[in-house]
Amino acid sequence: HVQLVESGGGLVQPGGSLRLSCAASGTIFSIYAMGWYRQAPGKQRELVASTTSGGSTNYADSVKGRFTISRDNAKNTVYLQMNSLKPEDTSVYLCNAEVSPYRGTIPMDWWGEGTQVTVSS
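Figured I'd write up the structure that's included with this text. (Residues numbered from 1 in each chain as written. Predicted model: local features only at pLDDT ≥ 70, side-chain atom pairs only at ≥ 80, totals over all residues. Heavy atoms only, no water.)

### A few points about the environment of threonine 90
Now for step 1: By the element assignment, threonine 90 lies in the loop between strand 8 (77-82) and strand 9 (91-100).
Now for step 2: Considering only alpha carbons, one finds threonine 90 and glutamine 39, 51 residues apart in sequence, at a separation of 9.0 Å.
Now for step 3: Those residues in contact with threonine 90 that lie beyond four places of it in its chain are Ala40, Gln116, Val117, Thr118 and Val119.
Now for step 4: One polar contact links the side chain of threonine 90 to the main-chain carbonyl oxygen of proline 87, over a distance of 2.9 Å.
Now for step 5: A polar contact is formed between the side chain of threonine 90 and the backbone nitrogen of valine 119, at a distance of 2.9 Å. (Helix = DSSP H or I, 4+ residues; strand = E, 2+ residues; numbered from the N terminus. Contact = heavy atoms within 4.5 Å. Polar contact = N/O pair within 3.5 Å; in protein donor to acceptor, adjacent residues only side chain to side chain.)

Here's what the structure looks like:
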């Protein structure tokens, strides 16, 4: 069993910044991709940013140049630095990780419960 715990959400004014963190714990042999998704009410879940264990990154076009994803493999933690926030960034942000619990096992997707980010004046 794996737990992903997000933190760092909150209320911020347009143009402001927030830093989200997501720490994975539990039965973990290896973590492959880690990423952040978001889901607003009535909308589909969308990828915000992801990173591989080797450090490659991928961003949604809507956040390129404003958001930065990073990870600390030693701490099994992924971060999302969000700058120049816009009202349309308001959403629940969810952490995702592909985790193999034991050597040789197929990785499975795990999700955090999400953290609310609200951008409003």
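Next comes the rest of the description.
### A closer look at the pattern of salt bridges
Now for step 1: Counting across every chain of the model gives 4 salt bridges.
Now for step 2: Lysine 64 is the partner of aspartate 61 in a salt bridge, and the nearest nitrogen-oxygen pair spans 3.1 Å.
Now for step 3: Under the relative-accessibility criterion, lysine 64 is labelled partly exposed at 49%.
Now for step 4: Between aspartate 89 and arginine 66 there is a salt bridge, with the nearest N and O atoms lying 2.7 Å from each other. Placement of the pair is aspartate 89 in the loop between strand 8 and strand 9 and arginine 66 in the loop between strand 6 (57-59) and strand 7 (67-72), with a sequence separation of 23 residues. (Salt bridge = Lys/Arg side-chain N within 4 Å of Asp/Glu carboxyl O. Buried < 20%, exposed > 50% of the residue type's maximum accessible area, 1.4 Å probe, protein only.)

### Topic: the side chain of aspartate 89
Now for step 1: Residue aspartate 89 is classed as buried on the basis of its relative accessible area of 1%.
Now for step 2: A polar contact of 2.7 Å, which involves the side chain of aspartate 89, links it to the side chain of arginine 66.
Now for step 3: A polar atom in the side chain of aspartate 89 sits 2.8 Å from the backbone nitrogen of lysine 86.
Now for step 4: Apart from the residues within four sequence positions on either side, aspartate 89 is in contact with Arg38, Arg66, Phe67, Ser84, Val117 and Val119.

### Looking at the nonpolar core
Now for step 1: Ranked by size, the top nonpolar core spans 27 residues in total, and within it Trp36, Val48, Phe67, Leu80, Met82 and Tyr93 carry the most contacts.
Now for step 2: Every element with two or more residues in this core is listed here: strand 1 (2-7), strand 3 (18-26), strand 4 (30-39), strand 5 (46-51), strand 7, strand 8, strand 9 and strand 11 (115-119).
Now for step 3: Methionine 82 has contacts with Gly16, Ser17, Leu18, Leu20, Arg66, Phe67, Tyr93 and Val117, leaving out every residue within four places of it along the chain. (Core = buried A, V, L, I, M, F, W, Y, C linked by side-chain atoms within 4.5 Å.)

### Observations concerning the state of the cysteines
Now for step 1: Tallied over the full model, the rule gives 1 disulfide.
Now for step 2: Covalent S-S linkage joins cysteine 22 and cysteine 95, the inter-sulfur distance amounting to 2.0 Å. Classification of the bridge connecting cysteine 22 and cysteine 95 rests on its S-S torsion, roughly -80°, and on that basis the disulfide is left-handed. In this pair, cysteine 22 is assigned in strand 3 and cysteine 95 in strand 9, connecting sequence segments 73 residues apart. Here cysteine 22 and cysteine 95 have matching classes, each one buried. (Disulfide = S-S within 2.5 Å.)

### Details of the environment of alanine 49
Now for step 1: Within the fold, alanine 49 resides in strand 5.
Now for step 2: Dropping the residues within four chain positions of it, alanine 49 is found in contact with Gly35, Trp36, Asn58, Tyr59, Ile69 and Leu80.

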